[in-house]
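Chains, contacts and geometry: an overview
Here's the letter readout for the chains.
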Amino acid sequence: MRVEGEIKLAFDDVMIRPKRSTLVSRSDVSLIRDFSFKHTDRKWSGIPVAAANMDTTGVFSVATVLQDHGMLTCLQKFYSVKELEDAWNKGVSPNNVAITCGSTEESLQLLKRKMATNPDLQMICIDVANGYREVFLDFVKVVRRDFPDKIVIAGNVATNEMTEALILAGADVVKVGIGPGSVCTTRKVAGVGYPQLSAIAECADAAHGLGGHVMADGGCNSPGDIAKAFAAGADFVMLGGLFAGHDESGGELMETKDGRLFKSFHGMSSSTAMERHYGEIAKHRAPEGKAVRVPYRGSLSTTVQSILGGVRSSCSYVGARRIKDLPKCTTFIRVTQTTNEVYRGLELDE
Ligand code: 5GP
């Protein structure tokens, strides 16, 4: 047995220290970033925030809102080829979505058919809960070989050595996050995880050294957390829970006896998701996700505006004119959990 003694940090363990700045207003801040990638000549330009490939957020109705803001949606993998074809006809932009697949031979064949539905598709998201298996690396190599000109996002991992391995295997963007998700129970069920802020910083350091990128996935519960993720070195940030509960998100709308509205939201490894997509929970598996209800929040566009406003505000507090400059402008201060704890009543607009 070995114990690593170095302290690893989560979003709540730090705050961004304010600094003098020459910015006049937060409207001077640009959240758009121009990307080039390690393994392909393709470029992508936009606001590097992505909806998670969950069946409540990685959906066409979310994608149509996010594309208007220049943001991305990693589509849930359960869409059929026919549904994708219809989506392009209905105005979903292939430039702002990634096609998600698992790591089996069957998913590879399905991925090929889906990529053929639109030549303008440029991003593939290979998503597994545990990106540490050798067979996963082999799968990434195969996808790289079969799609040499596409942008490949692959994960999830949370440490530097596996980030490097994935980039060398062909990933352009490594998805980082083991256990931080709002409806994830991996840390309880399996005892496995890595505090997300440190995971982002260490994986970004590894990826950037090789000309790769990282997408911070999970654990952002507020716009401030998104800013911390970018400040720690994330090139992209993926959101699940923050995009749940809206008109455009999946999930059932429910009303309590006292008239409050909620929408259901569940982890993709929850029993709810496994029963929905596979009809049963495989015998060798314990669910590593849960089903919750989140307050109904109306239109997604309003939330997107407040998220982007929050990140712009963070940038203006430290003098970062572009989102790309946030890491070099940021000094984090460590805080105790008590400092960060928010004591409050039930918010009037909750
Ligand atoms: P959130 O933004 O809600 O905090 O995190 C979203 C991320 O949680 C997803 O992109 C995915 O990586 C992760 N996730 C989604 N469902 C599950 C699940 O059932 N179990 C685990 N371990 N992670 C999940």
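The coordinates are above.
Residues numbered from 1 in each chain as written. Predicted model: local features only at pLDDT ≥ 70, side-chain atom pairs only at ≥ 80, totals over all residues. Heavy atoms only, no water.

1. Considerations on the site of the ligand
Operational definition: Residue proximity to a molecule or strand is established when one non-hydrogen atom of the residue lies within 4 Å of it. Contacts described as polar in this section are N or O atom pairs within 3.5 Å, which, within protein, must combine one atom able to donate a hydrogen with one able to accept it, while residues neighboring in sequence count only if both atoms come from side chains. For the accessible areas, the method is Shrake-Rupley and the probe is 1.4 Å, while residue cover comes only from the protein chains on display.
Of all residues adjacent to the ligand, which total 20 residues, the nearest are Ser182, Thr186, Asp217, Ser269 and Glu288. Contacts to the ligand include glycine 240, whose backbone N or O atom sits 2.8 Å from an oxygen atom. Between the ligand and the protein, one listed contact pairs an oxygen atom with a backbone N or O atom of glycine 241 at 2.8 Å. For the ligand, whose unbound accessible area comes to 520 Å², protein coverage reaches 90%.

2. With respect to the pairing of strand E9 (residues 173-176)
Rules: Burial status follows relative accessibility: with a 1.4 Å probe on protein chains alone, a residue under 20% of its type maximum counts as buried, one over 50% as exposed, and anything between as partly exposed. Put simply, DSSP H or I for four residues or longer makes a helix, DSSP E for two residues or longer makes a strand, and each gets a number counted from the N terminus. At least two DSSP bridges between two strands are required for those strands to pair. Handedness of a crossover is defined as follows: orient the strands so they point away from the viewer, and if the path from the first strand over the helix to the second runs clockwise, the crossover is right-handed.
Because side chains alternate across E9, one face comprises the buried residues Val173 and Lys175, and the other comprises Val174 and Val176, equally buried. Across 4 bridges, strand E8 (residues 151-157) lies against E9 in parallel orientation. Opposite isoleucine 153, over in E9, you have valine 173 as the bridge partner. In this fold, E8 hands off to helix H5 (residues 160-169), which returns the chain to E9; that crossover is right-handed. Bridge count between E9 and strand E10 (residues 213-217): 4 bridges; the pairing is parallel.

3. Considerations on the sheet that holds E8
For the record, the criterion: Lines fitted to C-alpha atoms define the axes, with helix axes restricted to the stretch in contact, and inter-axis angles between N-to-C directions lie between 0 and 180 degrees. Whether two residues are in contact is decided by their heavy atoms: any pair within 4.5 Å suffices.
The parallel closed barrel is built from 8 strands, whose spatial order is E4-E5-E6-E7-E8-E9-E10-E11. For this sheet, the mean angle separating the axes of adjacent strands, direction not counted, is 25 degrees. In terms of strand pairing, strand E7 (residues 123-127) meets E8 through 5 bridges, oriented parallel. Considered in E8, the bridge of methionine 123 is made with isoleucine 151. Running over the sheet, H5 touches E8, E9 and E10 and is turned about 155 degrees from E8.

4. Overview of a nonpolar patch on the surface
This is how the line gets drawn: Within the patch definition used here, like charges are joined within 9 Å and nonpolar side chains (Val, Leu, Ile, Met, Phe, Trp, Tyr) within 5 Å, considering only residues with over 30% relative accessible area and no salt bridge. Here a salt bridge means any side-chain nitrogen of Lys or Arg lying within 4 Å of a carboxyl oxygen belonging to Asp or Glu.
A cluster of nonpolar side chains, contributed by Leu253, Leu261 and Tyr296, occupies part of the molecular surface with about 250 Å² of accessible area. With respect to the secondary-structure elements, leucine 261 resides in strand E13 (residues 261-266).

5. Looking at the pairing of E8
Of all the 7 residues making up E8, 7 are buried; the element is thus mostly covered by neighbouring parts of the structure. Of the crossover connections in this fold, the one passing from E7 over helix H4 (residues 134-146) to the parallel E8 is right-handed.

6. Quick word on the nonpolar core
Using the following cut-off: Put simply, a nonpolar core is a bunch of buried Ala, Val, Leu, Ile, Met, Phe, Trp, Tyr and Cys residues held in one set by side-chain atoms that sit within 4.5 Å of each other.
Membership of the largest hydrophobic core comes to 81 residues, with the highest contact counts inside it found for Leu111, Ile126, Val143, Ile226, Val237, Leu239 and Phe243. With 7 residues, helix H10 (residues 300-318) is the single largest residue contributor to this core. Residues contacting phenylalanine 243, with those up to four places away along its chain left out, are Val49, Ala50, Ala51, Thr57, Leu66, Met71, Ser249, Arg297, Leu300, Val304 and Ile307. In terms of nonpolar packing, the next biggest core, distinct from the first, is built from 21 residues, Phe37, Ala50, Phe236 and Met238 among them.

7. Considerations on the side chain of glutamine 67
Looking at where glutamine 67 falls in the secondary structure, it is placed in helix H1 (residues 60-68). When sequence neighbours within four positions are dropped, the list of residues in contact with glutamine 67 reads Gly91, Val92, Ser93 and Asn96.

8. What about the pattern of salt bridges?
Evaluation of the coordinates by the stated rule reveals 16 salt bridges. Its salt-bridge partner being glutamate 202, residue lysine 8 comes within 2.8 Å of it at the nearest N-O pair. Remark: glutamate 202 occurs in helix H7 (residues 196-209) and lysine 8 occurs in the segment before strand E1 (14-16); sequence separation between them is 194 residues. The partly exposed category is assigned to glutamate 202, whose relative accessible area is 23%. Two residues, arginine 42 and aspartate 149, come together in a salt bridge whose shortest N-O distance is 3.2 Å. Pair noted here: arginine 42 is in the loop between strand E2 (33-36) and strand E3 (43-46) and aspartate 149 is in the loop between H4 and E8, with a separation of 107 residues, a long-range link. Connected through salt bridges with shared partners, the residues Glu6, Lys8 and Glu202 form a single ionic network.

9. Here we look at H1
All of the buried residues along H1 are Phe60, Val62, Ala63, Val65, Leu66 and Gln67. The inward-facing, buried residues of H1 abut strand E4 (49-51), strand E5 (72-75), helix H2 (81-89), strand E6 (97-101) and H10. Residue glycine 70 follows H1 closely and has a positive phi angle near 75 degrees.

10. Considering the sheet that holds E13
With antiparallel pairing, the 3 strands of this open sheet are ordered in space as E12-E13-E14. Both outer strands of the open sheet, strand E12 (253-255) and strand E14 (291-295), are each paired with one neighbouring strand and no more. If you compare each strand with its neighbour and ignore which way they point, the axes differ by 40 degrees on average. Here E12 runs beside E13; their pairing, made up of 3 bridges, is antiparallel. Residue pairing in the sheet places glutamate 255 in a bridge with leucine 261 of E13.

11. A few points about the side chain of threonine 256
Of note, threonine 256 is situated in the loop between E12 and E13. Within the structure, threonine 256 has its side chain in polar contact with the side chain of aspartate 258 (distance 2.4 Å). Threonine 256 has contacts with Phe262 and Arg293, leaving out every residue within four places of it along the chain.

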